[in-house]
Amino acid sequence: MTLMDASRRQSALDRLGAHAPFLARLAELYPDDVARYSSEGTDAALAAVAAPPVDDDIMRTLRQWRGRMALLLALGDLSGEHDVATTTRLLSDFADQACDAALAAAFAERVPGEEPRGLAVIALGKLGSYELNYSSDIDPILIFDPETLPRRQRDDPGEAAVRIARRMTEILSARTGDGHVLRVDLRLRPHPEVTPIVLPVNAAISYYESEALAWEQAAFIRSRASAGDRMLGEQFLSAIQPFIWRRSLDFRQLKEIGAMSDRIRDHFAQGQAFGPGFDLKRGRGGIREIEFFAQVHQLIYGGRDPSLRVPATVDALAALAAAGRIEPEVAARLSDHYATLRRIEHRLQMIEDQQTHSLPTQEAALDCVARLDGEANGAALLAALEPVVNDVGGCYDRLVAERAVTTGLPRDEDSLAVQLIAAGFDPPDAALRTIAEWRGGKLRALRSPAALDALETMLPELVKALGAAPDPQATLTRFDKLVGGLPSAINFFHLLAAQPALARIATRILSLAPTLADALGTRAQLIEGLIDQRAFDAPANKEQLAAEWGPGLAALDYERLLDRVRDHVGERRFAYGAQLVAGATDPLVIACGYSELAEAALGVLADATVAEFVAAHGRVPDSELVVLALGRLGGRALTHASDLDLIYLFTGDHLAESDGPRPLGATTYYNRLAQRVTGAMSVPTAAGKLYDVDTRLRPQGAQGPLVVTVDSFERYQREEAWTWEHMALLRARPVYGSDAAKAEVQRIIDDLLAIPRDPAKLAADAAEMRGKIAAHKPANGALDIKGGPGGLVDLEFAMQVTQLVSGQCHDPNISAALACLKAAGLVPPEVVDAHGLLARMLVMLRLTAPEGEPPTAAARQLVASQCGEPGWPQLLAAHDAARQEIANWWASIRPGQENEK
């Protein structure tokens with residue numbers, strides 16, 4: 001090892017420790033890997049990390065393997081021992097092996113002793129081209145052969161394949177105490193809203209030969225058989241080669257390519273000015289434009305030139321240059337730019353293992369990204385990126401112009417243009433183009449004569465409804481996406497024609513609430529639930545929900561029950577969001593409704609999961625699972641996007657053993673059971689996603705077991721817990737288990753919270769923890785309602801210190817606790833009102849601006865009105881005043897200097 005090698009490796013470790021909390025935690029967990037990397041280098045350290053065997057604890061072993069790989073690949077990248085191409089290739093190799101391991105485990109559980117065969121994983125996107133991101137999802141299509149798939153004697157082949165595929169997805173995607181392995185997105189398959197997650201191979205071939213769309217052709221440029229039965233996968237890909245690589249393109253296909261090019265810009269690049277907050281993937285001049293630049297040329301010329309049929313972006317650019325299709329100098333520049341943008345994208349994702357592509361908006365956070373990359377500060381990073389982005393944007397501009405010359409623009413009737421202008425589309429050009437694409441059959445849902453007739457019948461009213469939206473063009477774009485996700489638009493357009501009020505509600509949702517718009521795009525039938533005015537009644541409690549769902553769930557098997565509960569929750573959550581958009585209900589009432597909904601889902605799914613587990617392993621005598629909710633669920637104040645903070649406990653003797661056909665020791669029993677419950681609540685199924693589950697508040701955090709006994713929990717809280725863990729218990733309440741078990745856990749919490757405290761030490765501990773939170777998670781802009789001075793986090797810290805010192809008002813719900821403290825004279829009355837305002841803002845902003853950006857101009861008036869203010873300027877003034885009240889209260893409580901615990 002040279003001095004230069006040692007210096008680079010140490011620099012990578014120093015930057016990792018200072019600027020990437022996720023990687024720093026991994027470095028603490030795996031010190032032997034760090035030591036080997038420091039002394040021998042990245043490749044030697046990776047060589048010592050073998051793929052784990054398929055064993056009974058596959059969930060944990062795969063996640064630990066992923067953690068070690070993530071750490072070492074990051075170090076190789078940060079030190080320069082690996083370039084971007086090597087890093088993405090190794091990340092992709094890891095994903096392939098992880099999919100193989102998860103699939104093998106799923107087969108072993110379903111058909112023990114059988115080799116995995118008859119089911120193939122077809123990788124698309126960045127995994128298909130060996131270009132996987134540092135923290136990316138994977139976009140596979142799963143296919144199976146009914147003739148060769150091993151299955152139980154009475155299993156239908158299709159159902160067996162779905163069960164195996166779901167288990168594989170759960171093993172990879174479920175978030176446990178050890179994290180996750182890979183996020184799996186199965187929505188690129190044909191008609192994902194109606195098809196099973198794994199398709200018969202012949203049906204898939206038939207679809208791609210006869211019905212597939214232009215975007216699907218482009219997606220298969222980057223495809224390969226990546227896991228499972230690779231021979232089956234290769235046979236499938238070979239069969240659809242004529243679909244991917246067509247020897248000739250007709251005029252319609254050229255128009256589709258031109259429309260794809262337009263949509264890249266129209267959907268993602270509008271408003272993407274370069275600077276803080278810039279989206280490296282979707283912004284003008286970003287990663288996606290380089291990829292699409294290569295893919296458009298490949299689609300046009302690859303049918304006749306096999307040398308262009310390469311999946312990786314940089315390889316494709318080189319092949320296009322060698323074939324004379326693009327200038328070699330352009331290929332070289334774009335290749336360099338691609339490496340630069342992907343490298344910074346990796347830095348963003350390394351910090352907290354988030355699938356993000358946007359530069360931070362806050363100066364401190366941007367500086368953190370820059371310094372992780374070795375730049376002096378955020379300004380230096382922006383200066384380095386700006387010429388890259390401008391050059392990529394210029395190259396893509398020229399591509400768009402060339403395609404426009406080739407394909408032409410769709411013409412439309414003057415009368416439609418007049419209608420659009422009158423409705424509010426001025427200029428009408430983009431709307432004309434979209435409607436012309438609908439009439440031309442661009443969307444599968446509009447290819448039949450009946451669908452086109454339904455469109456024409458509804459079109460005049462639809463134009464009026466869209467034009468009445470606060471932002472007509474943005475609403476039309478979302479409506480186009482919605483229709484594009486339908487298998488057929490006939491019934492949808494007939495419904496809107498018969499219920500004009502629904503069209504107005506739908507356009508308002510599409511215009512004001514991106515979260516609901518996305519849900520509607522996935523399940524258009526959600527809008528039907530709003531026909532019944534009872535959808536706007538006060539939210540139901542968990543008992544009412546369980547009674548309502550019970551009859552329809554009783555006869556379902558476990559897999560179908562998972563889907564049906566997701567349907568029920570999705571419908572209710574959508575209706576509650578619609579109430580907020582309509583201004584019909586107080587956001588705090590809806591927040592409580594969201595919580596009752598989550599608790600009802602947890603009760604149903606936990607009961608079903610326990611029953612499944614008992615059938616295999618029996619019960620542990622005199623013992624049961626108890627679930628403790630904390631955070632926003634514990635406080636009955638969820639937002640539309642909240643995750644669930646849970647702690648799993650079990651009663652009884654940890655040395656006991658279950659009494660079933662496959663007995664397990666109590667600790668193993670409940671840890672596996674809790675993993676299954678987490679999966680039931682969090683793993684995406686054919687019906688979509690339910691909730692993210694966070695279990696890191698358990699004793700000893702992510703390093704501790706997922707489940708401990710109630711006695712161990714009490715002992716830990718009394719003898720080892722930090723002050724902040726007792727503060728967290730102020731928002732804790734048992735939400736699953738028998739009444740007796742829940743009462744016992746609640747007694748323990750009450751006793752712990754009643755322990756006398758040293759006020760000075762408590763305040764010092766709280767101030768120290770608040771400082772750490774602020775350092776690791778700086779506020780994301782002025783409208784970060786939780787973070788920043790005077791935000792909800794400051795309020796909670798001040799309130800919790802007051803509660804623990806006084807021994808009073810230990811209600812998990814913040815509004816109720818503050819009201820109690822106000823009555824006792826322990827909180828300034830102004831703080832109670834300040835909390836009400838900020839809590840309502842949080843609920844509304846999670847719905848209207850889910851990515852943390854300021855809401856659109858159209859949504860601002862809605863947010864202000866729901867928070868009791870006449871307009872956006874008045875809301876901002878009230879917001880600032882509320883923050884000041886909270887900041888003053890917190891300043892009066894925290895000490896002048898921090899002490900160590």
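Calculation criteria
- Residues numbered from 1 in each chain as written.
- Predicted model: local features only at pLDDT ≥ 70, side-chain atom pairs only at ≥ 80, totals over all residues.
- Heavy atoms only, no water.
- 1 Å grid on protein atoms, 1.4 Å probe; cavity = no way out; pocket = protein on both sides within 12 Å on 5 of 7 lines; lining within 4 Å.
- Points joined across faces, edges and corners; volume = space filled by probe spheres on them.
- Helix = DSSP H or I, 4+ residues; strand = E, 2+ residues; numbered from the N terminus.
- Nonpolar A, V, L, I, M, F, W, Y, C, P; charged D, E, K, R; others polar.
- Disulfide = S-S within 2.5 Å.
- Buried < 20%, exposed > 50% of the residue type's maximum accessible area, 1.4 Å probe, protein only.
- Core = buried A, V, L, I, M, F, W, Y, C linked by side-chain atoms within 4.5 Å.
- Contact = heavy atoms within 4.5 Å.
- Salt bridge = Lys/Arg side-chain N within 4 Å of Asp/Glu carboxyl O.
- Pairing = 2+ DSSP bridges.

Caption draft 1: Structural detail: the layout of surface pockets. Quantified by volume, the second largest pocket comes out at close to 1,200 Å³. Every residue lining the second largest pocket is counted, 35 residues in all, and those nearest its centre are Glu 109, Arg 110, Arg 167, Arg 662 and Arg 676. Residue assignment for the lining of the second largest pocket shows that the elements contributing at least two residues are α5 (58-79), α6 (84-110), α8 (157-173), α27 (558-582), α28 (587-617) and α30 (666-682). In terms of residue count, α28 provides more of the lining of the second largest pocket than any other element does, 6 residues in total. Broken down by class, the residue content of the lining of the second largest pocket amounts to 14 nonpolar, 5 polar and 16 charged.

Caption draft 2: Main features of the state of the cysteines. For the structure shown, the criterion picks out 1 disulfide. A sulfur-sulfur distance of 2.1 Å marks the disulfide that ties Cys 809 to Cys 820. Looking along the S-S bond of the Cys 809-Cys 820 disulfide, the torsion reads about -70°, which is the left-handed sense. One end of the pair, Cys 809, is in the loop between α35 (792-806) and α36 (814-823); the other, Cys 820, is in helix α36, with 11 residues separating them in the sequence. When its relative accessible area of 34% is taken as the criterion, Cys 820 is described as partly exposed. Between Cys 592, a free cysteine, and Cys 867, which holds the nearest cysteine sulfur, the sulfur-to-sulfur gap is 18 Å. Residue class for Cys 592 comes out partly exposed when judged on its relative accessible area of 29%.

Caption draft 3: Inspection of the nonpolar core at higher detail. Ranked by size, the top nonpolar core spans 166 residues in total, and within it Phe 479, Val 483, Phe 493, Leu 530 and Tyr 648 carry the most contacts. In contact with Leu 530, not counting residues within four places along its chain, are Leu 502, Ile 505, Ile 509, Ala 535, Phe 536, Phe 574, Ala 575 and Ala 578. Within the second largest apolar cluster, 106 residues are counted, among which are Leu 46, Ile 58, Leu 75 and Leu 372.

Caption draft 4: Expanded view of the pattern of salt bridges. One pass over the full model with this rule turns up 48 salt bridges. The partner of Glu 159 in a salt bridge is Arg 560, with the nearest N and O atoms 3.3 Å apart. You can see Glu 159 sitting in helix α8 and its partner Arg 560 sitting in helix α27, a full 401 residues away along the chain. The class of Arg 560 is partly exposed, set by a relative accessible area of 45%. One salt bridge connects Arg 333 with Asp 391, and the closest N-O pair in it is separated by 2.6 Å. Remark: Asp 391 occurs in helix α18 (residues 378-407) and Arg 333 occurs in helix α16 (residues 328-352); sequence separation between them is 58 residues. By relative accessible area, which is 23% here, Arg 333 ends up partly exposed. Taken together, the shared-partner salt bridges connect Glu 159, Arg 163, Arg 166, Asp 557, Glu 559, Arg 560 and Asp 563 into one network.

Caption draft 5: Up close: empty space enclosed by the protein. Per the counting criterion, the structure on display carries 4 cavities of 30 Å³ or more. Of all the secondary structure elements, the ones that give two or more residues to the lining of the largest cavity are α5 and α6. With 4 residues, the top contributor of residues to the lining of the largest cavity is α5. Within the lining of the largest cavity, the residues separate by chemical class into 10 nonpolar, 4 polar and 2 charged.

Caption draft 6: Quick look at the pairing of strand β2 (residues 137-144). For β2, the tally of buried residues reaches 8 of 8 residues, placing the bulk of the element in the interior. By the alternation rule, side chains of β2 split into Asp 137, Asp 139, Ile 141 and Ile 143 and Ile 138, Pro 140, Leu 142 and Phe 144, which are all buried. Note: β2 against strand β4 (residues 198-200), 3 bridges, orientation parallel. Note on β4: the bridge partner recorded for Ile 143 is Leu 199.

Caption draft 7: Spatial organisation of unusual backbone geometry. The residue after Asp 426, namely Pro 427, is reached through a cis peptide bond having omega 5°. Here Pro 427 is to be found in the loop between α19 (414-423) and α20 (429-439). Of note, the phi angle at Tyr 130 is positive, near 55°, even though the residue is not glycine. In this fold, Tyr 130 is placed in the loop between α7 (125-128) and β2. Using a relative accessible area of 25% as the deciding quantity, one classes Tyr 130 as partly exposed.

In short, shape yes, function no, at least from these values alone.
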